[in-house]
Amino acid sequence: MYTLLKQSGHARRGEFQTVHGTVQTPAFMNVGTVAAIKGAVSSYDLVDLRTQVELCNTYHLHLRPGDKLIHDLGGLHKFMGWERPILTDSGGFQVFSLAGLRKIREEGVTFASHIDGRKIFMGPEESMQIQSNLASTIAMAFDECIKLPAEYSYVKPSCDRTYRWLVRCKAEMARLNALPDRNNPHQMLFGINQGGTYEDLRIEHAKKIAALDLDGYAVGGLAVGEPKEEMYHILSVVDEYLPQNKPRYLMGVGTPGNIIEGVWRGIDLFDCVMPSRNARHGHLFTWEGIRNINNQKYERDTLPIDPQCDCPTCRRHSRAYIRHLFRAGEKLGQRLAVMHNLYFYNTLMEKIRAALEEGTFEAFRAQYVDLLDTRI
């Protein structure tokens, strides 16, 4: 399913084959939380924006409109009009974010819905059942995402429990894929490496989950408040212990610079709400740095957001016009800005892949890793 085409140091250029198409890696997965990109960007737009994979949220879709409804309507691909791969997260991060409303035990987690307050129980089996109903290409294992910093005495038993949950996820996914009524009987399962910022826990956990021979592996529990240097260090530590013949996914990351550094350390897949969220506030990624289109200096600026960009927004509209839309409170401004940022992230990945193929990724990293995260 994963083919390594070329390697430069630890950085990998590969192909990941799925039932919904082949993903060229490294790749960025655009986040469509409730089966839609925030900013009124459709599945059809995403094709034009060079998106390969969309990520949807298990927790939110379970609550609304309901995973059983989506199953009855033919699965998530049909429901949202997207034929390419979809990854669904497990709900674990949402449980993490509801710290004041949850209770964790061996069976799973009980927590309160953020919509109506009703009590919900989710464990490994329930997460797999929901994701099977959604019929995504890739299902993520149910885990506990730990807030950092965290005491070793808490992280160690949490890692052990997350491993036991993963074993249950694998068994339940195998059972579900064998059912006759599944919209995607070839659903893949990715395990998640946890361990906070403790090297020994990360290595131990990576070894244990690697032995389960899953379809892919994620590094979770990072980019949740720790310094980026700690995140990079952990990525370097676990790189050696994750299977070389499976895709690696860094969850919830991040800035363009974070992505470049992640690729440098052997990561193949990324996701983050940053490009769409920042765009909705007028913060636009360019090959010169991050531009705040709300600034007064763009009032009469007839240039596109990024002269080096050929996205639909940059081909047709000026900085002055985009700024006007934001100032006037027009939703079109958000839509055009989100389209630009998503296109930028996807073309960033294309350029990374090209640099890896050409053997120039080290120079590419040196040129852009700091520049792309700089506000201008």
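Residues numbered from 1 in each chain as written. Predicted model: local features only at pLDDT ≥ 70, side-chain atom pairs only at ≥ 80, totals over all residues. Heavy atoms only, no water.

Asker: Explain the overall build of the protein to me, and be specific about the residues and the numbers.
Answerer: Looking only at helices and strands, the protein features 15 helices and 16 strands. Taking 2.2 N^0.38 as the reference for a compact globule, 376 residues should give roughly 21 Å; the C-alpha atoms of the protein span a radius of gyration of 20 Å, in line with that estimate. Once the C-alpha set of the protein is aligned to its principal axes, its extents read approximately 60 × 45 × 40 Å. When each of the 376 residues of the protein is scored for burial, the buried share is 59%. Considering the protein, the positive charge centre built from 45 side chains and the negative charge centre built from 44 side chains are found 4 Å apart. (Helix = DSSP H or I, 4+ residues; strand = E, 2+ residues; numbered from the N terminus. Rg over C-alpha atoms; globule rule 2.2 N^0.38 Å. Buried < 20%, exposed > 50% of the residue type's maximum accessible area, 1.4 Å probe, protein only. Lys, Arg positive; Asp, Glu negative; His and termini not counted. Charge placed at Lys NZ, Arg CZ, Asp CG, Glu CD.)

Asker: Please set out helix 6 (residues 124–134) residue by residue, giving values where relevant.
Answerer: Counting buried residues along helix 6, 8 of its 11 residues qualify, which places the element largely inside the surrounding structure. Looking at helix 6, one finds that the buried residues are Pro124, Ser127, Met128, Ile130, Gln131, Ser132, Asn133 and Leu134. Just past helix 6, the residue Ala135 takes up positive phi, approximately 65 degrees.

Asker: Summarise the state of the cysteines; cite the residues concerned and give the values.
Answerer: According to the stated counting rule, one finds 0 disulfides in the structure shown. Looking at the unpaired Cys309, the closest cysteine sulfur is the one in Cys311, lying at 3.6 Å. (Disulfide = S-S within 2.5 Å.)

Asker: A description of the layout of surface pockets should follow, citing residues and the corresponding values.
Answerer: By volume, the largest pocket amounts to about 870 Å³. For the largest pocket, the lining is made up of 40 residues, of which Phe93, Gly252, Asp271, Cys272 and Val273 are closest to its centre. Of all the elements in the fold, those that place two or more residues in the lining of the largest pocket are helix 5 (92–97), helix 9 (228–239) and helix 11 (274–280). The dominant element in the lining of the largest pocket, judged by the number of residues it contributes, is helix 11, at 4 residues. (1 Å grid on protein atoms, 1.4 Å probe; cavity = no way out; pocket = protein on both sides within 12 Å on 5 of 7 lines; lining within 4 Å. Points joined across faces, edges and corners; volume = space filled by probe spheres on them.)

Asker: Go over the sheet that holds strand 12 (residues 216–219) with me, naming the residues and quoting the values.
Answerer: Spatial strand order, 4-5-6-10-11-12-13-14: 8 strands in a closed barrel with parallel pairing. Each strand of the sheet is rotated relative to its neighbour by a mean of 30 degrees, with strand direction disregarded. (Pairing = 2+ DSSP bridges. Axes fitted to C-alpha atoms, helices over the stretch in contact; angles between N-to-C directions.)

Asker: Tell me about the pairing of strand 1 (residues 2–8), residues and numbers included.
Answerer: Pairing geometry for strand 1 and strand 2 (residues 11–18), over 6 bridges, is antiparallel. By the bridge assignment for strand 2, Lys6 is matched with Arg13. Counting the residues in the hairpin turn of strand 1 and strand 2 gives 2 residues, including Gly9, whose phi is positive at 65 degrees.

Asker: Before we move on, could you go through the packing of aromatic side chains and cite the residues and values that matter?
Answerer: Across all of its chains, the model carries 13 aromatic pairs by this definition. Consider the rings of Phe142 and Trp165, whose centres lie 5.0 Å apart with planes at 35 degrees: the pair is tilted. Residue Phe142 is located in the loop between strand 10 (138–140) and helix 7 (152–177), and its partner Trp165 is located in helix 7; the two are separated by 23 residues in the primary sequence. Residue classification places Trp165 among the buried residues on the basis of a relative accessible area of 1%. Through successive ring pairs, a cluster of aromatic residues spans Phe28, Trp264, Phe285, Trp287, Phe344, Tyr345, Phe361, Phe364 and Tyr368. Cation over ring: Arg161 sits above Trp165, and NZ or CZ is 5.7 Å from the ring centre. When the ring centre of Trp287 is taken as origin, the NZ or CZ atom of Lys351, which lies over that ring, is 5.2 Å away. (Phe/Tyr/Trp six-rings, centres within 6.5 Å; stacked < 30°, edge-to-face > 60°. Lys NZ or Arg CZ within 6 Å of the ring centre and 35° of its normal.)

Everything listed here is a matter of geometry and, on its own, says nothing about what the molecule does.
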